Amino acid sequence: MKLIFERGQEGRHLSILPKLDVPAYQPDEALLRAQAPALPEVSETEISRHYSALERRAHGVNNGFYPLGSCTMKYNPSIDEEMAALPGFTNVHPLQAEKTVQGALEVLEKMEEKLSAITGLKYFTFQPAAGAHGEFTGLLVIKAYHKDRGDEARKKIIVPDSAHGTNPASAAMCGYEVVNIPSASDGCVDLDALKAAVGPDTAGLMLTNPNTVGIFDKNIEEITRIVHEAGGLCYYDGANLNAVMGIARPGDMGFDVMHLNLHKTFATPHGGGGPGSGPVGVREDLGKFLPGFRPVRGEDGELHLAQPEKSLGSMRSFFGNFLVVVKALTYVTMLGREGVLEASRNAVLNANYMRKALEDIFPAAFPVTCMHEFVISLDKLHKETGVSALDAAKALLDYGIHPPTMYFPLIVHEALMIEPTETETKETMDEAIQAIREIYERAYSDPESLHHAPHHTVIGRPDEVTAARKPKLRYQKEV
Amino acid sequence: MGTFVPGTSKEQRALLEAAGYTSFDDLFSVIPESVYLKKPLPLEEGLSEMETEQSIRALAAKNRTYQAIFRGAGSYDHYIPAIVKRVVSKETFLTAYTPYQAEISQGILQSIFEYQSMICALTGLDVSNASVYDGATATAEAAELCVERKKTRVLISDSVAPEVKKVVMTYAFGRDTDIQVIPEKDGKTSTEALKEMVGPETACVIIQQPNFYGLLEPAEEIGEIAHSVNAKFVMNCNPISLGLLKTPAEVGADLAVGEGQPLGMPIGFGGPYLGFMAATQALMRKLPGRIVGETTDSEGRRAYVLTLQAREQHIKREKASSNICSNEALCALTAAVYLAAMGPQGMKEVAESCMSKAHYLADGLKKAGFGLVYEGEFFHEFVTEGAGSEKLLQKLDEKGILGGLPLGENRILWCCTEKNTREMMDEVIRTAEEVAR
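Read on for a plain summary of the structure. Computed from a predicted structure; not experimentally measured. (Residues numbered from 1 in each chain as written. Chains lettered and ligands numbered in written order. Predicted model: local features only at pLDDT ≥ 70, side-chain atom pairs only at ≥ 80, totals over all residues. Heavy atoms only, no water.)

1. Brief notes about the pattern of salt bridges
- Applying the stated criterion across every chain yields a total of 49 salt bridges over all chains.
- The salt bridge involving D285 of chain A is made with R283 of chain A; its shortest N-O contact spans 2.6 Å.
- Judged by its relative accessible area of 36%, D285 of chain A falls in the partly exposed class.
- What makes R283 of chain A partly exposed here is its relative accessible area of 24%.
- The partner of E359 of chain A in a salt bridge is K356 of chain A, with the nearest N and O atoms 3.8 Å apart.
- K356 of chain A gets classed as partly exposed once you look at its relative accessible area, which sits at 34%.
- What emerges from the salt-bridge pattern is a single network uniting E106 and K110 of chain A together with K62 of chain B. (Salt bridge = Lys/Arg side-chain N within 4 Å of Asp/Glu carboxyl O. Buried < 20%, exposed > 50% of the residue type's maximum accessible area, 1.4 Å probe, protein only.)

2. Some words on the nonpolar core
All names here are of chain A.
- Core analysis: the biggest nonpolar cluster contains 120 residues, and F89, M111, L194 and F266 have the highest contact counts within it.
- In terms of residue count, helix 10 (residues 322-358) provides more of this core than any other element does, 18 residues in total.
- Beyond its immediate chain neighbours, meaning those up to four positions away, F266 contacts M111, L115, I118, L241, M245, L260, N261, A328, Y331 and V332. (Core = buried A, V, L, I, M, F, W, Y, C linked by side-chain atoms within 4.5 Å. Helix = DSSP H or I, 4+ residues; strand = E, 2+ residues; numbered from the N terminus. Contact = heavy atoms within 4.5 Å.)

3. Some thoughts on the interface of chain B and chain A
- Taken together, the contact pairs 175 residues of chain B with 194 residues of chain A.
- Roughly 16000 Å² is buried in total at the junction of chain B and chain A, and carbon and sulfur atoms are behind 65% of that figure.
- The closest approach of N and O atoms between R474 of chain A and D126 of chain B, which form a salt bridge, is 3.7 Å.
- Put simply, chain B and chain A have 84 residue pairs in polar contact (both at pLDDT 80 or more) between them.
- Per-element tally for the side of chain B that touches chain A: the top contributor is helix 12 (residues 329-367) of chain B, with 22 residues.
- The residue inventory of the side of chain B that touches chain A, partitioned by class, reads 91 nonpolar, 49 polar and 35 charged. (Buried area = accessible area lost by both parts, 1.4 Å probe. Polar contact = N/O pair within 3.5 Å; in protein donor to acceptor, adjacent residues only side chain to side chain. Nonpolar A, V, L, I, M, F, W, Y, C, P; charged D, E, K, R; others polar.)

4. Some thoughts on the sheet that holds strand 16 (residues 405-408) of chain B
Residue and element names in this part refer to chain B.
- Across the sheet, four strands lie side by side as 13-14-17-16; this open sheet has antiparallel pairing. Edge positions in the open sheet fall to strand 13 (371-372) and strand 16, since each of these has one partner strand only.
- Of the strand pairs in this sheet, strand 16 and strand 17 (residues 411-415) are connected by three bridges, and their pairing is antiparallel. Counted as the bridge partner of L405 is L413 from strand 17.
- With respect to the sheet, helix 12 is in contact with strand 13, strand 14 (381-385) and strand 17, its orientation differing from that of strand 14 by roughly 5°.
- Helix 13 (residues 389-398) contacts strand 16 and strand 17 of the sheet and is inclined by roughly 40° relative to strand 17. (Pairing = 2+ DSSP bridges. Axes fitted to C-alpha atoms, helices over the stretch in contact; angles between N-to-C directions.)

5. Overview of the pairing of strand 14 of chain B
Residues and elements named next belong to chain B.
- A large share of strand 14 lies buried, amounting to four of its five residues.
- Bridge count between strand 13 and strand 14: two bridges; the pairing is antiparallel. Bridge assignment links L372 to a residue of strand 14, and that residue is T384.
- The pairing of strand 14 with strand 17 spans five bridges and is classified as antiparallel. Pairing of E381 across the sheet is with C415, part of strand 17.

6. Quick look at unusual backbone geometry
Residue and element names in this part refer to chain A.
- Residues N209 and P210 are joined by a peptide bond in cis, for which omega reads 5°.
- Among the structural elements, P210 can be located in the loop between strand 4 (202-207) and helix 8 (220-229).
- Cis peptide bonds are those with omega within 30 degrees of zero, and the linkage from A453 to P454 qualifies with 0°.
- Positionally, P454 belongs in the loop between helix 14 (447-451) and helix 15 (464-469).
- Look at S70: it is not a glycine, yet its phi comes out positive at around 75°.
- Residue placement: S70 occurs in the loop between helix 1 (44-56) and helix 2 (78-84).

7. Focus: the packing of aromatic side chains
- Within the structure shown, the criterion is met by 17 aromatic pairs over all chains.
- When the centroid spacing of 4.9 Å and the interplanar angle of 70° are considered together, the rings of Y236 of chain A and F255 of chain A count as edge-to-face. Placement of the pair is Y236 of chain A in strand 5 (residues 233-238) and F255 of chain A in the loop between helix 9 (250-253) and strand 6 (257-260), with a sequence separation of 19 residues. Of the two residues, Y236 of chain A and F255 of chain A, neither departs from the other in class, the shared state being buried.
- Each residue in the set Y75, F266 and Y331 of chain A together with F4 of chain B is aromatic and connected to the rest through ring pairs, giving one cluster. (Phe/Tyr/Trp six-rings, centres within 6.5 Å; stacked < 30°, edge-to-face > 60°.)

8. Describing helix 4 (residues 102-119) of chain A
Residue and element names in this part refer to chain A.
- Here helix 4 spans 25 Å end to end across 18 residues, near enough to the 26 Å set by a 1.5 Å rise per residue.
- Counting buried residues along helix 4, 16 of its 18 residues qualify, which places the element largely inside the surrounding structure.
- Two residues or fewer after helix 4 comes G120, characterised by a positive phi angle close to 80°. (Expected span 1.5 Å × (residues − 1).)

Taken by themselves, the reported measurements are silent on function.
Here it is, written out as structure tokens:
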């Protein structure tokens, strides 16, 4: 299909702006750009049709099942969008006087209360704009904590080998050395490896629980105890929080700092890769290190912005992705205490239903009760038929199903990670189970067709090697 | 209670049974007893959609909105064409994930490729990434990518917006980067001080154009000083100004970053915003974040993919150039639709309108007794000084007008956009005259 640059004609334009109602100011020629920017010159009809065509060439939660493990692709409620579009939120300047933004500050106050109730941690910052940004923020809290105690020898962050790639990358951004520890045979933290890794140089541990193979680590309290006894802090990667709302709290498990992904657990849409929101929560005594300003209710009953006493600085301008927080607050207000529990229960139930239904052909890599997601290995299928996890994933595209996460975590060969979420019906899951079974059968009867899947999408498999070797990263008009 | 779980309790029981469990307690028996919650969370009861709407509307109603806004300082109240809002609320764009599966994500991937192309067109530079969180984090990421083994010191001008400076400093605290502030002279980066500060260890020099006070920096000269010691020149620029003013490429910048919010995003109490980031070809493989490239599919058809992924965290882990994965894709789409709707002509007109209006208001305020603090050319922001500044802002507030940002010492940082009518500006000037009298 055409690029928007390949549509339109020179001089074509929309009628957006009024005539200038003040004298035109003429800046010095030397300040001006030599040529107008080479932007599209199109009509509104062309814009409308162009983006409608692009929309048809994409897949959202509204188009079909999206069991993309570790991404929590649940349904994004319409009411959340409507609330975030209220002029009382969208037309407010971040540098208005406090007394004129009491509603906005109350959004942050209420959200902090709710997240605190759900996680067991006390104070939150909403500056982080995504999960990885939250990890960076949380680790800086840990860094500020050790620095404040004058303990500068703590240079290492312990990360299990099953962790999300962002964990070690975030630790490196904080100047920490990353110590990778192997997982035990059950996919959980190897306690002996952890004990051997901790010491006076341990700044902290980063952990996801349930972990990236979807299993709740039964030794969780022992893990956080080992780290605390060594003088380190425990960081909870909240990517998998959707499994445990109302069931168990990171604060009670012994975690000191965590981030949440509002764009996963709290149903705000992913937007094709953002904007997200990755608020960071900390236990009470770490609140003084949080970045930015927090709303605090004064004796006058009004909310005032206060900078935490030993604030580590600022992670993003203003208050982060505020309108995303409005969406999340709408969601959690609607669910309430029973609703969040219902959500997590069913997220876990659906995952176990699918795990069980696929067990005879693809047993889970760790065949025990999973939380909100599970990982299957196609290693056996691959060895027997040559059909890989990639082939199977691509074949699912022809069924209108977004494939599960592929080749993650790294500790499982030919991995597919399936996360149905709580908002899917049994019918949808049954269709997906049926599709996976058909692909399994085709792997034995007609493996060749799977190597070339998908067959019914707008493009076939793209040549990624050429894309990286000879990068073409922008449109340039041919002359 | 509100819920988005479709299954009835009967269905849930059937699923439990099919999966081999007798109850939810049985399902969760893998969780250690000591952390398994026995009491409900201390949250309120859930609400219906209608009640929820009422409660959230009540919060929105507690915020004050103004009929005219003359405040910028990093968040700019521009007109948003209707087509922009319509396109970006399309449900598929809204609810898709990062386009990992290219075959069913061509729409998202192509929209990002087009966005990258437009950012290159605006800045004059060779490559753009698919966005980062906002202008401040874009600047911080740019600073960090310039740091090399023997080039370890970052120099940032004091005339960069405080919101941006703070974030750059915080990122530097993270990586233990050596960072120094270049003093300002008469509201602009002091080139004399800069000449003294640069050396072989300088990784980059960062300025903002127009700067925090709205003034145009001597960018070419600053770029030359940076390049004289082989340091990179990083410009944080206002994208609207680029419809008219010299591009970062034309003044020798190696990296152009900035706040993309003016390109179709509401001020929204600070976000979501958009960090744009463009660079010369030489820096292509150092850029953080997603980048979309063009290629072909198995049948030779044009196709788009996420590319140059060897830079990224899921491949490189602790050796990645940045930890970023989710960026601001929907905001990048917003900017792209905005730029398509405005076109080259519209971008020039909006920049001319902002600049003309700012000069009109500045003249009027000057005559009313609120003179300009700094000499030199400015774009759409400027600083005044005059007795009664606080009272002026107060009077405007009573009239439903959000005046400029008070900077203390009777100084105000004003901003004009195409949305500010002559009528409203005359009202501001009249009020200033009353206060000065």
